Amino acid sequence: GQQVMQIPQYQHVQEGEDFTTYCNSSTTLSNIQWYKQRPGGHPVFLIQLVKSGEVKKQKRLTFQFGEAKKNSSLHITATQTTDVGTYFCAGKGGSNYKLTFGKGTLLTVNP
Amino acid sequence: GAGVSQSPSNKVTEKGKDVELRCDPISGHTALYWYRQSLGQGLEFLIYFQGNSAPDKSGLPSDRFSAERTGGSVSTLTIQRTQQEDSAVYLCASSLVGVANNQPQHFGDGTRLSIL
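Along every chain, residues carry numbers that run from 1 in the direction the sequence is written. To read the labels, note that chains go from A and ligands from 1, taken in the order they are written. Only residues with pLDDT of 70 or above have their local features reported here, since the model is predicted, and side-chain atom pairs are shown and tallied only from 80 upward, although totals for entire chains, interfaces and linings are computed over all residues. As a rule here, side-chain values cover all heavy atoms of the structure and leave hydrogens and water aside.

The next point concerns the pattern of salt bridges. Opposite charge on two side chains lets them pair, provided their charged atoms get close. Any Lys or Arg side-chain nitrogen located within 4 Å of an Asp or Glu carboxyl oxygen qualifies as a salt bridge. Counted according to the given criterion, the structure contains 5 salt bridges over all chains. Here E54 of chain A and K56 of chain A are joined by a salt bridge, their closest N and O atoms 3.8 Å apart. Only protein chains enter the accessibility calculation, which uses a 1.4 Å probe. A residue is then buried if its area is under 20% of the maximum for its type, exposed if over 50%, and partly exposed in between. Residue K56 of chain A is classed as partly exposed on the basis of its relative accessible area, which comes to 31%. R22 of chain B is paired through a salt bridge with D24 of chain B; the nearest N and O atoms lie 3.8 Å apart.

Here you go:
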């Protein structure tokens, strides 16, 4: 079955440093979504990428979808303490109606 | 408007008992999903509803797990003869239409289930 792997599992940074999490799928994806889960909270939708090579930005967050539509990344510039949480990618295969979530990357930020 | 509502927020029960978890999706959302999240882990897909039917039950861990949805709205997840490994946070999500249409999923706060 479809597998979505995310690395790293954990990342601790100093406030102001950059952060990147990577997502890789075993199969080609029709789309990929990113979610953020604050400690004690529930996942909240951030963004969706659909096109090959697509890049989207939300303030300090940059999301990329690979040319082959099998990988994606989320980059945060100049992290802040409000960025703390677990970032999940979730992908859907072309003929699959199930969204498969990665295990997430837990980001902690030292002020 | 109201988001996805789940109840109870916490449930502690003894091993072997049955539990019922409830999810009230966002009004008008036709798709509903159940996930399980163990401590520090990702989201494990359990079941997906489109309307009242469940095209994908492939994630249910065993025949002790069942779910239903009535009136295209509220869903209940039932776990019979609970085991300690069932302890987790059970998250419900809904979306306007199904996954095939690339809609974002809106999550509830979850039910934290603890089996003693």
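Further notes follow.
Glancing now at unusual backbone geometry. With an omega of -5 degrees, the peptide bond running from I7 of chain A to P8 of chain A counts as cis. As for its placement among the helices and strands, P8 of chain A is situated in the loop between β1 (4-7) and β2 (10-14). A cis amide bond links S7 of chain B to the next residue, P8 of chain B, at an omega of -10 degrees. Under the scheme used here, helices are H or I runs from DSSP no shorter than 4 residues and strands are E runs no shorter than 2 residues, and both carry numbers assigned from the N terminus. Of note, P8 of chain B is situated in the loop between β1 (5-7) and β2 (10-13). Positioned with a positive phi, A78 of chain A is a non-glycine residue whose angle comes to about 50 degrees. With respect to the helices and strands, the residue A78 of chain A is situated in the loop between β8 (71-76) and β9 (85-93). The exposure class assigned to A78 of chain A is partly exposed, which follows from its relative accessible area of 31%. The phi angle at R81 of chain B is positive, at roughly 50 degrees, despite the residue not being glycine.

Residues and elements named next belong to chain A. Disulfides are defined as cysteine sulfur pairs within 2.5 Å. Under the counting rule described, the total for this entry stands at 2 disulfides over all chains. Between the sulfur atoms of C23 and its disulfide mate C89 the distance is 2.0 Å. Handedness of the C23-C89 disulfide follows from its S-S torsion of about 75 degrees: it is right-handed. Residue C23 is located in strand β3 (residues 19-25), and its partner C89 is located in strand β9; the two are separated by 66 residues in the primary sequence. Look at C23 and you get buried, because its relative accessible area is 1%. Residue class for C89 comes out buried when judged on its relative accessible area of 0%.

In short, shape yes, function no, at least from these values alone.
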